[in-house]
Amino acid sequence: MLLHVVSDSTGNLSKHMVTAFLTQFASGTFELRLWNFLSTDNRLAKALEEIGKVGGAVMHAVVAAKHKQMIETFCAQKDIRCQDMTGHFVDFLASASGVQPAADVKALHEVSEGYHRRIEAIEFTMQHDDGLGVNRLQEADVILVGVSRTSKTPTCIYLAQQGYKAANVAIAIESPVPDELLSMNKPKIVGLLIDPLRLIEIRLARHRSWNMTKTSYVEMEHVEQEVQWSRHLFSRQGWPTLDVTKTAVEETAAKVVHLLNLPPAI
């Protein structure tokens, strides 16, 4: 079934919300179609006309009351089911606080102090990826440590998008662990662990895509030894650990924040 997600801005937030809802349904139940930047009467009308031709269902996250009504009226006329993703929540907050909402579509993407902090965090994370800039690790909010291919980089990028300065350091049996990492005294390090079989699958996929020659990097005995060595290192250093074998990046990031008791993201 076609599910249209209609937004007057980027549509990123509404798409994430809908994607989360769809995890409760069998894969393939819905086909998402995003309609964004529908901030004028003309753009919205044209999009609705196209939606009317193909049918489906509509979930919308527009701010202007006039545009909400346009969608509701159109869907009622075309017998298309629709759901407002923002109105009921905004009404609740207005009722609870006694403050009327501004209905400002630009407010979500305002260039604020929080925005600048997120940009700074992303820049820091890119400069401290895979062991780069170890001399500035003290400036990080969180440091992820693990053997190669344990989702350190994507998790750090996700954390940075939330405003956390995240660095990561790859470790290997064959190489000494940086002294700057071992001497850290602030509780900001999390060791990432993974099942050896899953790690081999990930590394083999990388080898195939890069046409690399097989080495001990993907051999069971070496990988098991590497994972066990990293586990002992984390234990010896007293670093908390997370198993990322069956964990999505978003979940790993949330667990890191909880584990280190980091302040709320911006």
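Residues numbered from 1 in each chain as written. Predicted model: local features only at pLDDT ≥ 70, side-chain atom pairs only at ≥ 80, totals over all residues. Heavy atoms only, no water.

Caption draft 1: Examining the overall build of the chain more closely. On a plain count of helices and strands, the chain comes out with ten helices and eight strands. For a compact globule of 266 residues, the expected C-alpha radius of gyration is about 18 Å, and the chain comes in at 23 Å, more than 25% above that figure. Taken along its principal axes, the extent of the C-alpha atoms in the chain is 70 × 40 × 30 Å. For the chain, buried positions account for 36% of its 266 residues. Here the contacts in the chain between residues at least 6 apart in sequence split such that 72% fall between residues at least 24 apart. Roughly 15,600 Å² of accessible area belongs to the chain as shown, and the carbon and sulfur atoms make up 54% of that amount. One finds the centroid of the 27 positive side-chain charges in the chain at a distance of 3 Å from the centroid of its 30 negative side-chain charges. (Helix = DSSP H or I, 4+ residues; strand = E, 2+ residues; numbered from the N terminus. Rg over C-alpha atoms; globule rule 2.2 N^0.38 Å. Buried < 20%, exposed > 50% of the residue type's maximum accessible area, 1.4 Å probe, protein only. Contact = heavy atoms within 4.5 Å. Areas by Shrake-Rupley, 256 points an atom, 1.4 Å probe, with all protein chains shown as cover. Lys, Arg positive; Asp, Glu negative; His and termini not counted. Charge placed at Lys NZ, Arg CZ, Asp CG, Glu CD.)

Caption draft 2: Highlighting the sheet that holds strand β2 (residues 31–35). Strand order across the open sheet formed by four strands is β2-β1-β3-β4, with parallel pairing between neighbours. Each edge of the open sheet carries a strand with a single partner, namely β2 and β4 (81–84). Neighbour-to-neighbour, the strand axes of this sheet turn through a mean angle of 20 degrees, independent of strand direction. Pairing analysis gives five bridges linking strand β1 (residues 2–7) to strand β3 (residues 57–61), with the strands arranged parallel. By the bridge assignment, Leu3 is partnered in β3 with Ala57. The strands touched by helix α2 (residues 41–54) are β1, β2 and β3; relative to β1, the strand with the most contacts, the crossing angle is about 175 degrees. Packed on one face of the sheet, helix α3 (residues 65–78) meets β1, β3 and β4 and runs near 170 degrees to β3. (Pairing = 2+ DSSP bridges. Axes fitted to C-alpha atoms, helices over the stretch in contact; angles between N-to-C directions.)

Caption draft 3: Highlighting the side chain of Asp8. Mapping Asp8 onto the fold places it in the loop between β1 and α1 (12–22). No salt bridge is formed by the buried Asp8; its nearest oppositely charged neighbour, Lys68, is found at 7.4 Å. In this structure the side chain of Asp8 is engaged in a polar contact, spanning 2.6 Å, whose partner is the backbone nitrogen of Val63. (Salt bridge = Lys/Arg side-chain N within 4 Å of Asp/Glu carboxyl O. Polar contact = N/O pair within 3.5 Å; in protein donor to acceptor, adjacent residues only side chain to side chain.)

Caption draft 4: Layout of the pairing of β3. Counting buried residues in β3 gives five out of five residues, a clear majority hidden from the surface. Of the two faces of β3, the one carrying Ala57, Met59 and Ala61 and the one carrying Val58 and His60 are both buried. One ladder, built from four bridges, connects β3 with β4; its direction is parallel. Each bridged residue has a counterpart across the sheet, and for Met59 the counterpart in β4 is Gln83.

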